[in-house]
Amino acid sequence: MIWWVSLTLSVASMAAICWRRHRRRRDREYEILAASWIPSLETRPIGLTFDPDLVSAGRTEFESRRLVRVENFVTAETLAILQKEATDNFPRLERSYVPVQKKGETLSYESIQRHAPFCLGIYHSREVRDFVERIVGEPILPTPLQDQSSLSLLCYRSAGDHINWHFDHNFYGGRHFTVLLCLWNRGPEGGRSKCRFEYVGVGGKVETVEMPENSLVVFEGARIRHRATPLGPNELRVILSMTYSTDPRTKWPREALRRIKDTAFFGVRALWD
Ligand SMILES: [Fe+2]
């Protein structure tokens, strides 16, 4: 009996040591990666075209329904660059399928840091953050580098790709906001795809949010139940998903839960990567 307890403790200790070493190595890699792109953020020209007069109206709207949509958020040139970055990265997408709940492809934050500099620039743009802060009424910060969903491309390219009703669970110390910029939304003969963003509004009524290309949606996903309905055949829908928090610090139990949630997007590697 004693030998069995001692063996279990030894294996657990070894696993803990290996985990800590692995985490230190990965965190160091994220820091080195960030150091390679942070200096270039300021020099990257990102054109925003949203109407500043809409901000105060957006703030009021957000207060009442915790969701705001803005059209024509970036310039045509910036949208074209973002669209190209998205399609150039299609070979790097990770496909996931959770029966009933979701089906689709995702480009992780780490891949975006390495291969999609303009998507990265939008997320870290001071102007974009200012805009979101004025909508939500609080200072916000990007969520951590280690969170592969902090910034991701959500790509639906096959018929039936979707995500069912869910909340964007909050694993951080402060309020958590999701910002979606629609890069592609195409049907087989022009027009938009059949995929619709829906959420449960005040009084439990299901509302539909039209998301043409270049529209931006800001919402508090931890409080709003939402979904994206299935894509039709020969359609394309690509969303740049950005998350911010008023306090992005976390503790290990929440971090563990966040990693379990992320297996739905990035497979089991999300548990340790
Ligand atoms: Fe969501």
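Cut-off values and rules
- Residues numbered from 1 in each chain as written.
- Predicted model: local features only at pLDDT ≥ 70, side-chain atom pairs only at ≥ 80, totals over all residues.
- Heavy atoms only, no water.
- Helix = DSSP H or I, 4+ residues; strand = E, 2+ residues; numbered from the N terminus.
- Rg over C-alpha atoms; globule rule 2.2 N^0.38 Å.
- Buried < 20%, exposed > 50% of the residue type's maximum accessible area, 1.4 Å probe, protein only.
- Contact = heavy atoms within 4.5 Å.
- Lys, Arg positive; Asp, Glu negative; His and termini not counted.
- Charge placed at Lys NZ, Arg CZ, Asp CG, Glu CD.
- Pairing = 2+ DSSP bridges.
- Phe/Tyr/Trp six-rings, centres within 6.5 Å; stacked < 30°, edge-to-face > 60°.
- Lys NZ or Arg CZ within 6 Å of the ring centre and 35° of its normal.
- Core = buried A, V, L, I, M, F, W, Y, C linked by side-chain atoms within 4.5 Å.
- Axes fitted to C-alpha atoms, helices over the stretch in contact; angles between N-to-C directions.
- Parallel < 35°, antiparallel > 145°, perpendicular 65-115°, else oblique.
- Nonpolar A, V, L, I, M, F, W, Y, C, P; charged D, E, K, R; others polar.
- Patch = residues over 30% accessible without salt bridge, like charges linked within 9 Å, V, L, I, M, F, W, Y side chains within 5 Å.
- Areas by Shrake-Rupley, 256 points an atom, 1.4 Å probe, with all protein chains shown as cover.
- Salt bridge = Lys/Arg side-chain N within 4 Å of Asp/Glu carboxyl O.

A. Representation of the overall build of the protein. Secondary structure summary: the protein contains seven helices and twelve strands in total. In terms of overall size, the protein behaves like a compact globule, its C-alpha atoms giving a radius of gyration of 20 Å where 273 residues would be expected to give roughly 19 Å. Each principal axis of the C-alpha atoms in the protein carries an extent, and together these give about 70 × 40 × 40 Å. Counting the 273 residues in the protein, one finds 49% classified as buried. Counting contacts in the protein only where the partners sit at least 6 residues apart, residues at least 24 apart contribute 83% of the total. Taking the 39 positively charged and 33 negatively charged side chains of the protein as two groups, their mean positions are separated by 6 Å.

B. Main features of the pairing of strand 5 (residues 151-156). Burial within strand 5 is extensive, with five of its six residues counted as buried. Pairing of strand 3 (residues 102-107) with strand 5, which is carried by three bridges, proceeds in the antiparallel orientation. Bridge assignment links Leu 107 to a residue of strand 5, and that residue is Leu 153. One ladder, built from six bridges, connects strand 5 with strand 12 (residues 236-245); its direction is antiparallel. The partner of Cys 155 across the bridge, within strand 12, is Val 238.

C. Broad picture of the packing of aromatic side chains. Applying the stated criterion across every chain, the model contains five aromatic pairs. The interplanar angle of 65° and the centroid separation of 5.4 Å between the aromatic rings of Phe 197 and Phe 219 together place this pair among those described as edge-to-face. Highlighted residues: Phe 197 in strand 8 (residues 197-200) and Phe 219 in strand 10 (residues 216-219), separated in sequence by 22 residues. Taken as a pair, Phe 197 and Phe 219 share a single burial class, namely buried. Positioned over the ring face of Phe 265 is Lys 102, at 4.6 Å from the centre of the ring.

D. Region of interest: helix 5 (residues 117-124). Within helix 5, seven of the eight residues are buried, leaving the element largely enclosed by the surrounding structure. All of the buried residues along helix 5 are Phe 118, Cys 119, Leu 120, Gly 121, Ile 122, Tyr 123 and His 124.

E. Looking closely at the nonpolar core. Ranked by internal contacts, the top residues of the largest apolar core, which has 46 residues, are Phe 131, Leu 183, Leu 240 and Met 242. Residues in contact with Leu 240, not counting those within four places in the same chain, are Ile 112, Cys 119, Ile 122, Leu 151, Ser 152, Leu 153, Val 179, Leu 180, Leu 181 and Leu 183. Core analysis: the next-biggest nonpolar cluster, separate from the first, contains eleven residues, Leu 180, Phe 197, Met 211 and Ile 239 among them.

F. Fine view of the packing of helix 3 (residues 76-88) against helix 5. Where helix 3 contacts helix 5, the two axes come as close as 8 Å, and the packing angle between them is 125°. With respect to helix 5, the axis of helix 3 lies oblique. In this structure, helix 3 uses Thr 78, Ile 81, Leu 82 and Glu 85 to contact helix 5, whose residues at the interface are Pro 117, Phe 118, Cys 119 and Ile 122. Looking at the contact of helix 3 with helix 5 residue by residue, the classes come out as six nonpolar, one polar and one charged.

G. Quick peek at the pairing of strand 12. In terms of burial, strand 12 is a largely internal element, ten of the ten residues being buried. Alternating residues of strand 12 divide into Leu 236, Val 238, Leu 240, Met 242 and Tyr 244 and Arg 237, Ile 239, Ser 241, Thr 243 and Ser 245, and every residue in both groups is buried. The sheet contact formed by strand 4 (residues 141-142) and strand 12 spans two bridges and is antiparallel. Considered in strand 12, the bridge of Pro 142 is made with Tyr 244.

H. A nonpolar patch on the surface, seen in detail. A surface patch of nonpolar side chains, about 830 Å² in accessible area, is lined by Met 1, Trp 3, Trp 4, Val 5, Leu 7, Leu 9 and Val 11. Note on placement: Val 11 falls in helix 1 (residues 2-41). Residue classification places Val 11 among the exposed residues on the basis of a relative accessible area of 52%.

I. Molecular detail of the environment of Tyr 30. Tracing the backbone through its elements, the reader meets Tyr 30 in helix 1. Considered as a pair, Tyr 30 and Pro 144 are 114 residues apart in the sequence and their alpha carbons are 9.9 Å apart.

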